[in-house]
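# Commentary on secondary and tertiary structure
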Amino acid sequence: MDQTKRPLLIPPEFSTYAEKHGIFEMYKKLMEQLIVGKPADPVAFLIDLLKRDTHDVPQVIIIGPPASGKKTISKMCATKLRTAHLTTENLIMEAETDLKMQMLDLQKKKQPIPIDVWVKVIEERIKLPDCVRKGWVMEGFPQTREQALAIQSIGIHPKHCVLLDAPDTVLIERAHGKRVDPKTGDIYHTTFDWPSSTEVQSRLEEAEGYGEDDMVEKLIEYHRHIDGILTCFTKGLKSVNADQPQADVFLQVFTYLCGQARTNAPHTPRVVLLGATGSGKGVQASLLATKYNLVNVSCGSLIKQAIADETKEGQTAIPYVSKDMLVPDVTVMQILRQRLSQMDCMSRGWVLHGYPRTREQAEGLTKGGFVPNRVFFLNVPNDSVVERLTLRATDPITGDRYHMLYNPPRTEDVKARLQKLPKDESEQVNKRLGTYNAYVEEISDFYVDAQHVNADQDPHTVFECIESMIVNPLPRKV
Amino acid sequence: MSTAGDVGTRDGEARQYLENHRVLELFNNLTSQLMYNRPDEPKKFMIDVLEKLQKSKITRLDYPCLFDDSNIQSVFGMLDPTNRGCIAFQQYSAALTTLGVKDFDQSPEGSAEDRVTFETFLKEARKGLSEASSTFADS
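Within each chain, residues carry numbers counting from 1 in the order of the written sequence. Labels follow written order: the first chain is A, the first ligand is 1, and so on. Under the rules for a predicted model, residues below a pLDDT of 70 receive no local features and side-chain atom pairs below 80 are neither given nor counted, while totals for whole chains, interfaces and linings still include all residues. Only hydrogens and water are set aside when side-chain values are computed; all heavy atoms of the structure are taken into account.

Residue and element names in this part refer to chain A. Counting 51 residues, the largest nonpolar core has Val 297, Trp 350, Leu 365 and Ile 466 as the members making the most contacts within it. Any two residues having at least one pair of non-hydrogen atoms within 4.5 Å are treated as being in contact. When neighbours within four sequence positions are excluded, Val 297 is seen to be in contact with Leu 302, Leu 336, Arg 339, Leu 340, Cys 345, Trp 350, Val 351, Leu 352 and His 353. Only buried residues count toward a nonpolar core, which is a set of Ala, Val, Leu, Ile, Met, Phe, Trp, Tyr and Cys residues joined through side-chain atoms within 4.5 Å. Any residue under 20% of the maximum accessible area for its type is buried, any over 50% is exposed, and the rest in between are partly exposed; the area is computed with a 1.4 Å probe on protein chains only. One finds Leu 106, Trp 118, Ala 148 and Ile 226 within the second-largest nonpolar core, a separate group that totals 31 residues.

This is how it looks when you write it as structure tokens:
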């Protein structure tokens with residue numbers, strides 16, 4: 001039977017717990033290591049792995065054609081992520097003496113280094129404490145499909161693989177201006193990346209083997225192998241256009257490295273949408289609810305429903321609602337708790353909007369055991385909100401809704417009979433905006449993991465943005 | 001999907017390994033321990049459980065298991081509300097399956113008369129539970 005189709009008999013509290021501590025990811029990692037290593041005593045092996053406490057370190061491979069800026073970008077990434085930086089050169093230099101001699105010898109004779117030697121060197125290097133504890137960024141390796149398969153078969157699976165890509169003509173041109181600092185090994189460029197210190201400038205040398213003929217040869221070699229390599233890293237591969245300013249390339253690569261791969265771990269989205277009035281919380285919530293089968297929990301309608309059902313909480317809320325005052329936190333929380341602890345919310349997940357409005361309410365929600373795992377702020381400038389709300393109107397005969405700017409009524413007749421909601425008067429809207437803006441700061445202080453979305457766009461663009469952040473794990477903070 | 005039988009392929013090898021060392025059962029037990037206890041430091045907790053398992057592998061005693069004798073007793077008590085001191089065979093097998101025991105004695109003492117005593121039940125349950133929690137290759 002398909003494992004994913006098996007009914008999940010996991011109590012809801014456990015899924016919250018497992019999600020918080022990353023239990024499923026940990027299991028996956030452990031199982032992976034077990035299957036690759038096949039130790040004779042799995043229990044001792046697992047204890048050892050767990051004690052090492054290294055499930056979250058970055059493991060990155062950066063590949064690309066010659067002169068695409070692999071070394072510079074990977075060095076920047078390694079520094080920023082505080083990991084070890086592995087290049088083909090420093091792998092050779094840091095290998096054991098006899099292996100190093102052998103490799104240098106082969107390199108001098110311009111012969112390829114055999115795969116098993118590479119594998120041995122890399123395996124030894126990755127076992128060193130700095131790679132184990134902090135992770136690694138490997139650059140320029142593998143160069144062939146065989147090498148890629150060889151390192152995979154000893155259990156080296158990078159979490160991220162970046163391909164720096166640029167047209168050949170650009171690369172050849174760029175290689176022409178490539179300069180190397182012989183002391184540090186850093187790479188500079190005569191036009192694009194000239195060092196600021198004169199000391200460095202004076203000692204720069206032209207890189208060896210980057211003439212036009214050499215480049216053509218290297219590029220042919222590269223193109224022969226790259227497709228084979230890419231088929232080995234279909235998971236977690238990202239191609240970045242390297243024909244851009246260095247900072248832009250780095251930013252793209254780094255954003256990708258901060259993201260985490262999707263996992264098969266069971267995940268029930270518990271979403272809170274926060275935003276000013278008219279920011280599209282309701283629209284987004286219903287889109288999410290339809291697509292992901294979440295329970296759409298609108299705080300306002302819940303209160304109205306409680307009043308209509310004449311429940312105890314509803315009765316307490318009546319005087320406040322009729323006087324247009326905020327219903328006290330205790331009552332709202334009771335109403336919410338009743339809804340959120342129902343089985344459908346527990347199993348399918350929920351999307352809550354219209355609550356919390358203050359930090360106390362947010363704290364209350366967390367204290368009640370309803371910890372959202374995604375919080376979004378829908379940010380819209382005040383002017384747009386006013387424009388969105390005050391200009392909308394409804395046709396009392398057909399029930400159609402119009403907006404004076406974006407969806408104006410077709411005929412004069414319709415226009416004459418349009419009616420506006422009293423809530424949409426600009427005075428009212430401004431009042432609501434004011435209350436929201438007074439509290440937004442303290443709420444965002446409380447939800448540190450919250451994501452800010454620019455909601456002043458087409459609803460479906462906003463939806464896509466929210467969607468991508470719900471489906472993928474939250475990006476890592478560096 | 002290939003079965004555990006086809007050794008030779010890497011997939012088969014991995015499956016064989018997991019089966020020989022009862023890794024999947026080990027993980028299942030770990031999960032149920034985690035689910036029940038929900039410790040604040042799951043890693044430390046898992047190390048503790050695994051170490052306990054390692055110790056019991058040598059001593060062949062005290063396997064880390066979610067159920068102890070009092071649980072077995074209360075299960076029996078539920079099935080025997082009138083305190084007759086025995087349960088039917090069907091109840092016996094259903095109870096053991098619920099506890100997670102797989103290969104229990106299909107014809108225990110008294111099964112012919114459909115009267116399984118508490119002692120028999122306790123013995124089988126204990127044996128089965130330690131079997132289920134001793135998740136390592138038989139050496």
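This next bit is on the interface of chain B and chain A. Interface size is commonly expressed as the accessible surface area that is lost when the partners come together. At the interface, 28 residues of chain B touch 28 residues of chain A. Taken together, both faces of the contact between chain B and chain A bury some 2600 Å²; the carbon and sulfur share is 74%. Two parts placed together each lose some accessible area under a 1.4 Å probe, and the buried area is that loss summed for both. When the buried area of chain B at its contact with chain A is split by residue, Tyr 17, Phe 27 and Lys 43 of chain B rank highest and sum to 24% of it. The salt bridge definition used is simple: a Lys or Arg side-chain nitrogen within 4 Å of an Asp or Glu carboxyl oxygen. For the pair chain B and chain A, the number of links is 2 salt bridges. Helix numbering and strand numbering both begin at the N terminus, where a helix is a DSSP run of H or I of at least 4 residues and a strand a DSSP run of E of at least 2. Secondary-structure elements contributing two or more residues to the side of chain B that touches chain A are helix H1 (10-20), helix H2 (23-37) and helix H3 (42-59) of chain B. It is H3 of chain B that contributes the most residues to the side of chain B that touches chain A, 9 residues altogether. When residues are sorted by character, Ala, Val, Leu, Ile, Met, Phe, Trp, Tyr, Cys and Pro go into the nonpolar class, Asp, Glu, Lys and Arg into the charged class, and all the rest, Gly among them, into the polar class. Counted by class, the side of chain B that touches chain A contains 17 nonpolar, 4 polar and 7 charged residues.

The next thing to look at is helix H16 (residues 312-322) of chain A. All names here are of chain A. Listed in full, the buried residues belonging to H16 are Glu 313, Gly 314 and Ala 317. Looking straight down H16, one finds its buried side chains confined to an arc of 85 degrees; they lie on one side. With respect to the buried face of H16, the exposed residues turned more than 90 degrees away are Lys 312 and Ser 322. On the buried face of H16, the contacting elements are helix H15 (299-308) and helix H17 (329-340). Throughout, the arc means the angular range of directions from the helix axis out to the C-beta atoms.

Residues and elements named next belong to chain A. Counting through the fold element by element, Ser 74 comes out in helix H4 (residues 70-81). Here a polar contact means two N or O atoms within 3.5 Å. Within protein one must be a hydrogen donor candidate and the other an acceptor candidate, and residues neighboring in sequence count only if both atoms are side-chain atoms. Among the polar contacts listed, one links the side chain of Ser 74 to the side chain of His 85, at a separation of 2.9 Å. Residue contacts for Ser 74: discarding those within four places in its chain leaves Ile 62, His 85, Val 137 and Glu 139.

For the rest of this paragraph, the subject is the environment of Glu 25 of chain A. Residues and elements named next belong to chain A. Of note, Glu 25 is situated in helix H2 (residues 23-37). With a relative accessible area of 36%, Glu 25 lands in the partly exposed category. For the pair Glu 25 and Ala 265, spaced 240 residues apart in sequence, the C-alpha separation works out to 7.1 Å. In this view, Glu 25 contacts Thr 263 and Ala 265; residues no more than four positions away in its chain are not counted.

Now for the state of the cysteines. All names here are of chain A. Cysteine sulfur pairs qualify as disulfides if the two atoms are within 2.5 Å. Inspection of every chain in the model, using the stated rule, returns 0 disulfides over all chains. Cys 161 provides the cysteine sulfur closest to Cys 232, a residue in no disulfide bond, and the two sulfurs are 9.6 Å apart. Take Cys 232: its relative accessible area is 12%, and that puts it in the buried class. Not part of a disulfide, Cys 258 finds its nearest cysteine sulfur in Cys 77, a span of 9.2 Å. Cys 258 sits in the buried class, given a relative accessible area of 10%.

Attention shifts here to the pairing of strand S4 (residues 160-165) of chain A. All names here are of chain A. Within S4, 5 of the 6 residues are buried, which leaves the element mostly enclosed by the surrounding structure. Should DSSP find at least two bridges between two strands, the strands are regarded as paired. Here strand S1 (residues 59-63) pairs with S4 via 4 bridges, running parallel. Paired with Ile 62 across the bridge in S4 is Val 162. In this sheet, strand S8 (residues 237-241) lies alongside S4 in parallel orientation, the contact comprising 5 bridges. Each residue of the ladder has a partner; that of Leu 163, found in S8, is Ser 239.

Residue and element names in this part refer to chain A. Strand order in the open sheet formed by 5 strands is S2-S3-S1-S4-S8, with parallel pairing between adjacent strands. Unpaired on one side and paired on the other, strand S2 (84-86) and S8 mark the two borders of the sheet. Between one strand axis and the next, the sheet turns by 20 degrees as a mean value, whatever way the strands run. The pairing of S2 with strand S3 (residues 136-139) spans 3 bridges and is classified as parallel. Residue Ala 84 lies in a different strand from S3, and its bridge partner there is Trp 136. Interaxial angle, 0 to 180 degrees, is taken between N-to-C directions of lines fitted to C-alpha atoms, where a helix line uses only the stretch in contact.

Centres within 6.5 Å make a pair out of two Phe, Tyr or Trp rings, where for Trp the six-membered ring is used; the pair is then stacked when the planes are under 30 degrees apart, edge-to-face when over 60, and tilted otherwise. Here the structure, examined in full by the defined rule, presents 8 aromatic pairs over all chains. An angle of 25 degrees between the planes, with centres 5.6 Å apart, marks the rings of Phe 250 of chain A and Phe 254 of chain A as stacked. A residue pair is termed a helical-turn pair when its members lie 3 or 4 positions apart in one helix, as Phe 250 of chain A and Phe 254 of chain A do in helix H13 (residues 246-258) at 4 residues. Put simply, the rings of Phe 76, Phe 89, Tyr 92, Phe 118 and Phe 121 of chain B pair up and form one aromatic cluster. In our convention, an over-ring charge means Lys NZ or Arg CZ found within 6 Å of a ring centre and within 35 degrees of that ring's normal. Between the NZ or CZ atom of Lys 80 of chain A and the centre of the ring of Phe 254 of chain A, over which it lies, the distance is 5.4 Å.

Between side chains of opposite charge, a pair can form as their charged atoms come close. Residues and elements named next belong to chain A. Counting across every chain of the model gives 19 salt bridges over all chains. Two residues, Glu 199 and Arg 203, come together in a salt bridge whose shortest N-O distance is 3.6 Å. Placement of the pair is Glu 199 and Arg 203 together in helix H11 (residues 198-203), with a separation of 4 residues, close to one helical turn. With a relative accessible area of 22%, Arg 203 lands in the partly exposed category.

Note that every value here comes from positions in space, so none of it alone points to a role or purpose.
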